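Per-entry structural report
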There are 2 protein chains.
Amino acid sequence: MSHTPGVRQARKQRTRQALLDAALDLLEGQSLSSLGLREVTRAVGVAPTAFYRHFRSVEDLGVALVEEALGSLHPMIRTTVSTTGDGEERIARAIELIAGHVDVYPAHVRFIARERHGGVRPVREAIHDQLARFTAEVGEALAKDPQSTDWSGDDLLMLAQLYVDQMLITASLFLEAPATDPAERERVSRIATRQLRLIGIGRRHWLDRHGPAGAPPTP
Amino acid sequence: MSHTPGVRQARKQRTRQALLDAALDLLEGQSLSSLGLREVTRAVGVAPTAFYRHFRSVEDLGVALVEEALGSLHPMIRTTVSTTGDGEERIARAIELIAGHVDVYPAHVRFIARERHGGVRPVREAIHDQLARFTAEVGEALAKDPQSTDWSGDDLLMLAQLYVDQMLITASLFLEAPATDPAERERVSRIATRQLRLIGIGRRHWLDRHGPAGAPPTP
DNA sequence: CCATGCAGTCAACAACTGTTCTCCGGAAAT
DNA sequence: ATTTCCGGAGAACAGTTGTTGACTGCATGG
């Protein structure tokens, strides 16, 4: 069995990572469908042909970027949703976590937001798949919450989808808020907090009168 | 004063519209930042240089497309939000209207969804401005609803934003649902309906105990 | 120690891009 | 009737693109 881990593969994955990083950088000002192969290799400092040793095409690189941007996010999602505490605390914690993630990985967040509906089909589908996984995981976590007793699986999934979409919208808003303007960040934070709060209220009263066509409110 | 509107300007705006239409067509499979000037003129059947008679650049054309896609949507928004009737009826009507719009103008919807976070700054900003106008209009409409008594202006705007974002998400989901699969369309419709319903419930109970840190629920 | 594998280089290709300048024909204005 | 205006065509430009084939140096496995 291989006595050494291989200096070979280490070097390979190093330039591969360099290609991914350079691409992510270049994607700050354009979409993936306009990103050129040569543009990426030039930024890294390797020959254009070296690109093919790592990716079949730019689309391929895009799919790899989706993995990098979202693949490592699942544990964070799980711990966030399963955090204990008061509803308000959980909301604040979730938004804090989103803001922190945007601060640390702004390029990744921008990439996902941009290419989710972007012009490259395989990348769109990769993102869609990952988000579907997120939704399923959030749905499972919600199912374990005592607040979700008597909820149907369908309803849990539609709520999970609402949460996941809301997470993306909030992340995108943080991204657009300039890092130099803490007041704007605070504004985004406050709006997102209240939106989550409103959804939480709707969630608490979801099963309040679920009979067929009853009188308006039953306090 | 100009005695005739001019056959001249009529022909000009005809090719201008042809350029817009062709661009929208080509944008089904790519993003604006990769759309070439020559590509568009070739699709229309005019010389590349003719492009400059109508737009300074492809970015410029993109901004014009935003106007075309969203500018004419304001009346629809107004009539939708101000529609009378039961809450459930209004939800059904709104979703019906979104689905219908996506059916009639799929390319426009795709363009907005794609370029909202796309790689071309001026286009992103134009979309953002239009959506901000939508949010303001929805907020005004909500303010007139008796259900919004005692709501702060800030809260009305955050709810309006929630509605506008939800509208875009739903439109995008309808767009992804293949036209050949009515079952999928129905699924999207059902999920969107329940999400709007949940938001509506949260809205009804928004002011329920807005005092500081009270006991959990007060039935 | 030698032979294989493989990341990366180099040169060359046909095709395409945005932009410029010059010109043309017909509508508009005088 | 004559001049002006202007949407469009044509040719040409320097750059850029993706992809190819054959080549090189070096870590790996026998």
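Rules and cut-offs
Note on numbering: residues in each chain are counted from 1, in written sequence order. Numbering of ligands from 1 and lettering of chains from A proceed in the order in which they are written. Local features in this predicted model are restricted to residues of pLDDT 70 or higher, and side-chain atom pairs are both shown and tallied only at a pLDDT of 80 or more, whereas totals for entire chains, interfaces and linings draw on every residue. Just so you know, side-chain values use all the structure's heavy atoms and leave hydrogens and water out. Numbering goes from the N terminus for both helices and strands, where a helix is a DSSP run of H or I of at least four residues and a strand is a run of E of at least two. The rule is simple: take the accessible area with a 1.4 Å probe, protein chains only, and divide by the maximum for that residue type; under 20% is buried, over 50% is exposed, in between is partly exposed. Contacts are residue-level and defined by heavy atoms, with any inter-residue pair within 4.5 Å sufficient. Within this scheme the basic residues Lys and Arg register as positive and the acidic residues Asp and Glu register as negative, but His and the chain ends are omitted. By convention, the point assigned to a charge is CZ for Arg, NZ for Lys, CD for Glu and CG for Asp. UniProt positions are given in the numbering used here, feature names are shortened, and annotations may be inferred rather than shown by experiment. Note: buried area is the sum, over both parts, of the accessible area (probe 1.4 Å) each one loses when the two are combined. By definition here, a salt bridge exists when the distance from a side-chain nitrogen of Lys or Arg to a carboxyl oxygen of Asp or Glu is within 4 Å. Two aromatic rings, drawn from Phe, Tyr or Trp (for Trp, its six-membered ring), form a pair once their centres lie within 6.5 Å of each other, and the interplanar angle then sorts them: stacked below 30 degrees, edge-to-face above 60, tilted otherwise. Here a residue is near a molecule or strand as soon as one of its heavy atoms is found within 4 Å of it. Polar contact is the term for a pair of N or O atoms within 3.5 Å; when the atoms are in protein, one must be able to donate a hydrogen and the other to accept it, and sequence-neighboring residues count only if both atoms are side-chain atoms. Following the grouping adopted for this structure description, the nonpolar residues are Ala, Val, Leu, Ile, Met, Phe, Trp, Tyr, Cys and Pro, the charged ones are Asp, Glu, Lys and Arg, and the polar ones are all others, Gly among them. C-alpha atoms of residues with pLDDT of at least 70 in both copies form the basis for the least-squares superposition of the copies.

As annotated in an unreviewed UniProt entry, chain A carries the name AcrR family transcriptional regulator and comes from Streptomyces griseoloalbus.

When its secondary structure is counted, chain A shows 9 helices and 0 strands. Its helices and strands in sequence order give chain A the pattern α-α-α-α-α-α-α-α-α, from N to C terminus. Its C-alpha atoms give chain A principal-axis dimensions of roughly 70 × 50 × 35 Å. Expressed as a percentage of the 219 residues in chain A, the buried residues total 45%. Summarising the internal contacts of chain A: among those between residues at least 6 apart in sequence, 66% fall at separations of at least 24. Looking at charge distribution, chain A has the averaged site of its 27 positive side-chain charges lying 7 Å from that of its 28 negative ones.

Under the UniProt annotation, the feature "DNA-binding region" (unreviewed entry) is placed at residues 36-55 of chain A. The straight-line gap between the two end C-alpha atoms of residues 36-55 of chain A is 13 Å; of that span, 40% is helix and 0% is strand.

UniProt feature "domain: HTH tetR-type" (unreviewed entry): in the numbering of this structure it lies at residues 13-73 of chain A. Regarding residues 13-73 of chain A, the helix share stands at 57% and the strand share at 0%, and the terminal C-alpha atoms are separated by 21 Å.

This brings us to unusual backbone geometry. Residues and elements named next belong to chain A. Backbone geometry places D150, a non-glycine residue, at a positive phi of 70°. For D150, the location among the structural elements is in the loop between α7 (121-144) and α8 (153-176). The exposed category is assigned to D150, whose relative accessible area is 70%.

Before going further, it helps to examine the interface of chain A and chain B. Counting residues at the interface gives 40 residues for chain A and 40 residues for chain B. Per-residue buried area on chain A facing chain B is highest for H117(A), R194(A) and L198(A); these three make up 19% of the total on that side. Across the chain A-chain B interface, the total number found is 6 salt bridges. A salt bridge links D154(A) to R190(B); its shortest N-O distance comes to 3.8 Å.

By the definition in use, this model includes 6 aromatic pairs over all chains. Ring geometry for F51(A) against Y52(A): centres 6.3 Å apart, planes inclined by 85°, an arrangement best described as edge-to-face.

Once that is clear, we can look at the protein's contact with DNA strand D. By nearness alone, 19 residues border DNA strand D, and V7(A), R38(A), R42(A), R53(B) and H54(B) come closest of all. If you look at DNA strand D and keep only atoms within 4 Å of the protein, 48% of those are sugar or phosphate atoms. One of the side-chain N or O atoms of R8(B) is found 3.1 Å from a base oxygen in DNA strand D. Breaking the surface near DNA strand D down by element, the ones donating at least two residues are α1 (7-26) and α2 (37-44) of chain A together with α1 (7-26) of chain B. Of the residues assigned to the surface near DNA strand D, the class counts are 6 nonpolar, 6 polar and 7 charged.

This part is about the protein's contact with DNA strand C. Taken together, 20 residues lie around DNA strand C, and R8(A), R53(A), H54(A), L37(B) and R38(B) are the ones closest in. Counting only the atoms of DNA strand C within 4 Å of the protein, the fraction contributed by sugar and phosphate is 46%. Between a base oxygen of DNA strand C and a side-chain N or O atom of R53(A), the distance comes to 2.3 Å. One of the side-chain nitrogen or oxygen atoms of H54(A) is found 2.5 Å away from a phosphate oxygen of DNA strand C. Counting only elements with at least two residues in the surface near DNA strand C, the list comes to α1 of chain A together with α1 and α2 (37-44) of chain B.

Another aspect to go through is the relation of the copies chain A and chain B. Between chain A and chain B, which share one sequence, the superposing operator has a rotation angle of 180° and an axial displacement of 0.0 Å; the RMSD is 0.0 Å. On the angle and the small slide along the axis, the relation comes out as a two-fold axis. Across chain A, the rotation axis passes nearest the C-alpha of G202(A), at a separation of 1.8 Å. The share of interface residues of chain A whose copies in chain B are also at the interface is 100%, consistent with both copies meeting through the same surface.

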